[in-house]
Amino acid sequence: LTQLADDMTLFLNDRVSVTNSLAIFDRFYDSTGLRLNKQKCEVFLLGNCGQTNNPPDHVEGLGCIRDSFKALGIHFSRAWEKSVELNCNERMKNIKIMLNIWLQRNLTLKGKIVVLKSLIFPKLLYVCNNVFVPDNLIKQIEDLTFKFLWGHKPAKIKKDTIIGDIHQGGLKMPLFSAVIQSSRVMWVKRIFEAKESKWSMLALQMMNVTEFDLHCRSDPKYVHAKTPFYEHILKSWYTYQAGKPITKQEVHQEVIWNNIFIQKEHKQFLLKKWQDKGIIFLQDLIGKNN
């Protein structure tokens, strides 16, 4: 189950589990006088339960949702295209209205950047960090923010300059695609921090990788995740990992296998027998005589 305030989502295995869960709520009512409001409860059937030709309208007195549902501000649907539409279209409308309102004010470039950081991006980040959002929509949002910055007129400063640090002549204008990429990278960092949790094990399964794979510097084009959301997370992580080692120590600590900088016939590779023998890093190949 997941809970936030009075909002709870139960992930149940079958109809028997629904019956047993409702029995627990009944016992809770007998003890406290607090009754579950079944009129506000909904069931979303997944897998074989939801794909039958004649799915039920009710399960144990709870209404069944056919297409999509909303939990904690996020719309979920069987088709990711529908999820994108439900989650993003309304937000995009509101953002365009807000940007048009702020354009009426004579803001400086710094003022507009503050508006983007504090009012616009937070509306989108929550959704983009929890469901799949296609690249073309992210680009559309990015284009919209730069049009707002220049008042729908030709840009006076190059994008690479305006997003730079102040000491480099920039204004630290946030690049939305980079903001999204960093939020996706944080998902992998959370997996490392919660190794034994069920959600992190599920995430590794969905990304179609092992924890060891996440320590490698793999090429993003070799990603084969099971869903678009996890594919984006994995590609962002490998892009983040692509920085070249510089010092001697960094080179020695490079993982040999599936490394874009260590290739055989122009391809990254893995020798499982060597890995099983404990040869993981470049320093494992260096003897006492170097």
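Residue positions within a chain follow its written sequence, with the count starting from 1. Only residues with pLDDT of at least 70 are given local features in this predicted model, and only at 80 or more are side-chain atom pairs given and counted; all residues enter the totals for whole chains, interfaces and linings. Values reported for side chains reflect all heavy atoms of the structure, with hydrogen atoms and water molecules removed beforehand.

Caption draft 1: Structural view of the sheet that holds strand β3 (residues 42–44). With respect to topology, 3 strands assemble into an open sheet ordered β3-β5-β4, the strand pairing being mixed. Here the strands that pair on one side only, and so sit at the sheet edges, are β3 and β4 (58–59). Only strands that DSSP links by at least two bridges are regarded as paired with each other. Runs of H or I in DSSP of at least four residues are treated as helices and runs of E of at least two as strands, each being numbered from the N terminus. Looking at chain direction, β3 and strand β5 (residues 62–65) are connected through 3 bridges and run parallel. Considered in β5, the bridge of valine 43 is made with cysteine 64.

Caption draft 2: Structural context of the pattern of salt bridges. By salt bridge we mean one thing: a side-chain nitrogen of Lys or Arg within 4 Å of a carboxyl oxygen of Asp or Glu. Following the criterion strictly, the structure yields 7 salt bridges and no others. With a shortest N-O distance of 3.0 Å, aspartate 143 and lysine 139 are connected by a salt bridge. Taken together, the residues aspartate 143 and lysine 139, both in helix α4 (residues 135–149) and 4 residues apart, mark about one turn of the helix. Here lysine 272 ties to aspartate 276 by a salt bridge, and the two come within 2.9 Å at their closest N and O atoms. One end of the pair is lysine 272 and the other is aspartate 276, both in helix α11 (residues 272–276) and 4 residues apart, which spans about a single turn.

Caption draft 3: Fine view of unusual backbone geometry. Positioned with a positive phi, glutamate 60 is a non-glycine residue whose angle comes to about 55°. Mapped onto the secondary structure, glutamate 60 falls in the loop between β4 and β5. For glutamate 60, a relative accessible area of 38% puts it in the partly exposed group. Positive phi, normally seen in glycine, also occurs at histidine 152, with a value near 60°. Inspection of the secondary structure puts histidine 152 in the loop between α4 and α5 (159–162). Burial classes: relative accessible area under 20% of the type maximum marks a residue as buried, over 50% as exposed, and values in between as partly exposed (1.4 Å probe, protein chains only).

Caption draft 4: Looking closely at α4. Taking 1.5 Å of rise per residue, 15 residues should cover 21 Å, and α4 covers 21 Å from first to last C-alpha, within 8% of that figure. For α4, the complete set of buried residues consists of Leu137, Ile138, Ile141, Glu142, Leu144, Thr145, Phe146, Phe148 and Leu149. On its buried face, α4 sits against α2 (80–103), α3 (109–128), α5 and α6 (176–193). Trailing α4 by a residue or two, glycine 151 shows a phi angle of about 65°, which is positive. Here the expected length of a helix is defined as 1.5 Å per residue gap, with one fewer gap than residues. Should any heavy atoms of two residues lie within 4.5 Å, those residues are counted as being in contact.

Caption draft 5: A look at the environment of arginine 15. Along the polypeptide, arginine 15 turns up in helix α1 (residues 15–32). Under the relative-accessibility criterion, arginine 15 is labelled partly exposed at 48%. Each C-alpha atom, one on arginine 15 and one on serine 218, is 43 Å from the other, the two residues being 203 residues apart in sequence. The residues touching arginine 15, leaving out its near neighbours within four places in the chain, are Pro56, Val59 and Glu60.

Caption draft 6: Summary view of the nonpolar core. In this structure, Ile120, Phe176 and Met207 are the most contacted members of the largest nonpolar core, which totals 46 residues. Considering every element that reaches this core, the biggest residue donor is α3, with 8 residues. In this view, methionine 207 contacts Ile191, His224, Ala225, Tyr230, Ile233 and Leu234; residues no more than four positions away in its chain are not counted. Remark: nonpolar core denotes a set of buried residues (Ala, Val, Leu, Ile, Met, Phe, Trp, Tyr, Cys) joined through side-chain atoms within 4.5 Å. With 7 residues, the next largest nonpolar core counts Val18, Leu22, Leu45 and Cys64 among its residues.

Fair warning: the whole summary comes from geometry, so function is off the table for now.
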